[in-house]
Amino acid sequence: MHTQVTAGSVGQGEVALSQAASPRRPALAVSDQVFRAAALACALLVLTVLVGILASMLYGGWPVFREFGLVDFVAGSTWDVNNDRYGAWPAIAGTLSTALIALVLGVPISLGIAVFLTQLSPPWLKRPIGTAVEILAAVPSIVYGMWGLFVLAPLVAAYVQVPLNQVVEGLPIVGTILYSQVPSGTGIATAGVILAFMIIPFIASVTRDMFDQIPTVLRESAYGIGCTTWEVVRHVLVPQAGVSIIGAIMLGLGRALGETMAVTFVVGNANRLSASIFEPGSTIASRIANEFNEALGLQMSALIALGCVLFVVTFVVLAVARALIARVKVY
Amino acid sequence: MAATGGAPAATVPASAPTWGRVRSSRRVADRAMKVICVVFTALGVFVLGWILGMLAWKGLGALTPRIFTEVTPGPGSEGGGLANAIVGSIVLTCLGIAVATPIGLMAGTYLAEYGKASRLATVIRFVNDVLLAAPSILIGLFVYTVMVQPMGGYSGWAGGVALAVIATPVIVRTTEDMLRLVPGTMREAGAALGAPSSFVIRRVTWRAARAGIVTGILLALARIAGETAPLLFTALNNSFWFSPTLLGGVSNLPVTIFQFALSPYDNWQGLAWAGALLITAAVLALSVGARLYLNRKAAR
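What you are looking at is a predicted structure, and each value in this text was computed from that prediction instead of being measured.

### Focus on helix α10 (residues 210-225) of chain B
- Across its 16 residues, α10 of chain B extends 22 Å between first and last C-alpha, which sits within 8% of the 22 Å expected from 1.5 Å per residue.
- Of the positions making up α10 of chain B, those classed as buried are Ala211, Gly212, Ile213, Thr215, Gly216, Leu219, Ala220, Leu221, Ala222, Ile224 and Ala225 of chain B.

Here it is in structure tokens:
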């Protein structure tokens, strides 16, 4: 007596399959409904988490937004715990400048790696280098932080800051941007370098996948009319991959903006804003990581409000990335 | 054109396409691009080798049997190990994955089997992809607000939930992708035998996609094992054995490494390197192992 139903559901294919529950044995029909409801509930939970994050940030940061106003909070440049004055600008500027340095250094290297992996590499080398890029992505961020603090920072101090100070001291503009009063190696620039290496694997692997998806015929015909490898990359691969590369870069930017531990190790954690990229600064994430556990009252609200700003910025960046590259593989 | 090639053009047959027939500016641009790409790739591999080499050198030097038997030392005291932090990390990670696996599996199943191209499923897919890359420190803040404050203190439970929030999107994503690879004919065959759709999903589709789903769970495990930021405000840390109720601070490796690495004590720094080596080895083993497992299954 159940055969009719089953035959019907097969006849109508998959659409009917997901709805074919009605006139069966009650136990089966009920468990079917329960399963479907459970799946839907779990899917909605994912949605709820994102809304919950935003709501909790707005709720926690509300006292600060009310006290100072959104514009004054974002643009304010003093962060004075003793007098309860909080302005987010030094942290926002630090976040943006470290991310910018990371992109300037990381994007060319990532694209170079993607071109090497898809166009230049001998076949036996593809797999090991591909694995190396994946491992670079899997290394915990705290390890990057330790490497940055104990290895990179002393090198930056000795071989970049000290010689650079002698060259740029007293010069206009570069004398401000590149001069460091105390060449300690920690600062905005070092954090940017670490972030560059952390975002390389993400940009490189997405770009490589995009290049791999381009039909071979296009490349072959370009080579066939006498193009060099550079011309194939420049005039065939890059235009074909197009906005996906921008999407990959946005994905890297999203990572760079929100990275916490590695930055906290090397950024220097200064509360003021300085004009030089070699001076200590702080980012939104490093400020939260450093101060949150000791924070009370309005300071805690201010930190959560900072988190709210970071959430909105990364959400926009990641949403743009997602719109430009249809889907990123995670495995 | 060929005449401008000069000497090289004379030595090779005119019919063979050689560099001699390419304008030199094009040749230089091509060479430069190739050299730059090779240098950049070498730089990436070199930095990876440098990080791992440094970690192995410093970490292995500090790795003694005491690491696994003694608890973390207090400020200024000699010796000590990481036993409580290692156990705490394992507990928190397992807790996180235990919460994330059923939720992620069911949500991924909804997207692949029920929601498909519906508007709700599209929105959830988008939100999941954003969560996949969301800053982990914000997830720590979120769990602090919804769990630590109401419960009146730090706890391992909050830490587990924070890790679960990070692991879930990974599992949702891989589960959905792997279920989509299962051919529709298998579902139809199940339905033709009179099985309701939930039965078909559990007994046919999940089984067919098992290798991929397991890979996703392993990758999620690798992702959360090294996470520090979300634990700072949830599980916190302590230097003793934590209580079995997981209330109060629960010691864990990442936060211990963070605190010890920035400390002035030599033995603390040594322990931080040993801990970093352990955690990196675990994470890399999990993520490389998961990929190898999937490749071997896919090759069959």
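### Focus on the state of the cysteines
- For the coordinates displayed, the defined rule picks out 0 disulfides over all chains.
- You can see Cys37 of chain B has no disulfide; the closest cysteine sulfur is in Cys227 of chain A, sitting 16 Å from it.

### A word on the packing of helix α15 (residues 297-324) of chain A against helix α6 (residues 136-151) of chain B
- Axis separation between α15 of chain A and α6 of chain B bottoms out at 10 Å; the angle between their running directions is 135°. Judged by the inter-axis angle, α15 of chain A sits oblique to α6 of chain B. Remark: the crossing between α15 of chain A and α6 of chain B carries left-handed chirality. Residues Met300, Leu303, Ile304, Gly307, Leu310 and Phe311 of chain A of α15 of chain A form the contact with α6 of chain B, whose participating residues are Ile137, Leu138, Leu141, Tyr144 and Gln149 of chain B.

### Some words on the confidence of the model for chain B
All names here are of chain B.
- For chain B, the mean per-residue pLDDT works out to 87, and 92% of the residues sit at or above 70.
- The low-confidence segment residues 1-14, where pLDDT is below 50, has 5 contacts with residues more than four positions distant or belonging to other chains.
- Note on the complex model: pTM 0.87, ipTM 0.86.

### Let's talk about the packing of helix α5 (residues 89-120) of chain A against helix α11 (residues 229-241) of chain A
All names here are of chain A.
- Running from N to C, α5 and α11 point in directions that differ by 110°, and their axes come no closer than 12 Å. For the element pair α5 / α11, the angle class is roughly perpendicular. Of the two possible hands of crossing, α5 and α11 adopt the one that is right-handed. On the side of α5, the interface is formed by Val115, Gln119 and Leu120, while α11 contributes Thr229, Val233 and Leu237.
- Partitioning the contact of α5 with α11 into residue classes produces 4 nonpolar, 2 polar and no charged.

### Focus: the packing of aromatic side chains
- For the structure on display, the rule yields 18 aromatic pairs over all chains.
- Pairing Phe68 of chain A with Tyr86 of chain A gives two aromatic rings, centres 6.5 Å apart and planes at 75°, and the pair type is edge-to-face. Pair noted here: Phe68 of chain A is in helix α3 (residues 26-68) and Tyr86 of chain A is in strand β2 (residues 85-86), with a separation of 18 residues, a long-range link.
- Here the aromatic rings of Phe260 of chain B and Trp268 of chain B are separated by 4.2 Å at their centres, their planes lie at 15°, and the arrangement is stacked. Residues Phe260 of chain B and Trp268 of chain B agree in their burial class; the two are buried.
- Among the aromatic residues, those joined into a cluster by ring pairs are Trp147 and Phe197 of chain A together with Phe46 and Trp50 of chain B.
- Lying over the aromatic face of Trp79 of chain A, Arg287 of chain A brings its terminal NZ or CZ to 4.5 Å of the ring centre.

### Some words on unusual backbone geometry
- A positive phi angle, near 50°, is found at Asn269 of chain A, a position not held by glycine.
- Looking at where Asn269 of chain A falls in the secondary structure, it is placed in the loop between α13 (261-266) and α14 (284-291).
- Here Asn269 of chain A falls in the partly exposed class, since its relative accessible area comes to 33%.
- The backbone of Lys116 of chain B shows a phi angle near 45°, a positive value even though the residue is not glycine.
- Examined against the element boundaries, Lys116 of chain B turns out to sit in the loop between α4 (83-115) and α5 (119-133).
- Note on Lys116 of chain B: relative accessible area 27%, which makes it partly exposed.

### Some thoughts on the environment of Thr64 of chain B
- Topologically, Thr64 of chain B is positioned in the loop between α2 (24-62) and α3 (66-69).
- Between the C-alpha atom of Thr64 of chain B and that of Leu271 of chain B, which follows or precedes it by 207 residues, the distance is 9.6 Å.

### Digging into the side chain of Ser244 of chain A
- Topologically, Ser244 of chain A is positioned in helix α12 (residues 243-258).
- Discounting residues that sit within four places of it in the chain, Ser244 of chain A has contacts with Met210, Leu324 and Ile325 of chain A.

### Points about the environment of Glu291 of chain A
Residue and element names in this part refer to chain A.
- Position of Glu291 among the secondary structure elements: in helix α14.
- Glu291 sits 12 residues away from Leu303 along the chain, and the two C-alpha atoms are 8.0 Å apart.
- With sequence-adjacent residues up to four places away left out, Glu291 is seen in contact with Trp79, Asn271, Gln299 and Leu303.
- Within the local environment of Glu291, its side chain forms a polar contact with the side chain of Gln299, the two groups lying 2.9 Å apart.

### Focus on the interface of chain A and chain B
- Listed as interface residues are 88 residues of chain A and, on the opposing side, 100 residues of chain B.
- The junction of chain A with chain B conceals about 8,500 Å² of combined surface from both sides, 78% of it contributed by carbon and sulfur atoms.
- Between Arg322 of chain A and Asp129 of chain B there is a salt bridge, with its nearest N and O atoms 3.2 Å apart.
- At the boundary of chain A with chain B, the tally comes to 11 residue pairs in polar contact (both at pLDDT 80 or more).
- For the side of chain A that touches chain B, the leading source of residues is α3 of chain A, giving 21 residues.
- Partitioning the side of chain A that touches chain B into residue classes produces 61 nonpolar, 16 polar and 11 charged.

Procedures and definitions
Residues numbered from 1 in each chain as written. Chains lettered and ligands numbered in written order. Predicted model: local features only at pLDDT ≥ 70, side-chain atom pairs only at ≥ 80, totals over all residues. Heavy atoms only, no water. Helix = DSSP H or I, 4+ residues; strand = E, 2+ residues; numbered from the N terminus. Expected span 1.5 Å × (residues − 1). Buried < 20%, exposed > 50% of the residue type's maximum accessible area, 1.4 Å probe, protein only. Disulfide = S-S within 2.5 Å. Axes fitted to C-alpha atoms, helices over the stretch in contact; angles between N-to-C directions. Parallel < 35°, antiparallel > 145°, perpendicular 65-115°, else oblique. Left-handed = near helix turned anticlockwise from the far one by under 90°. Contact = heavy atoms within 4.5 Å. pLDDT = per-residue confidence, 0-100. Nonpolar A, V, L, I, M, F, W, Y, C, P; charged D, E, K, R; others polar. Phe/Tyr/Trp six-rings, centres within 6.5 Å; stacked < 30°, edge-to-face > 60°. Lys NZ or Arg CZ within 6 Å of the ring centre and 35° of its normal. Polar contact = N/O pair within 3.5 Å; in protein donor to acceptor, adjacent residues only side chain to side chain. Buried area = accessible area lost by both parts, 1.4 Å probe. Salt bridge = Lys/Arg side-chain N within 4 Å of Asp/Glu carboxyl O.

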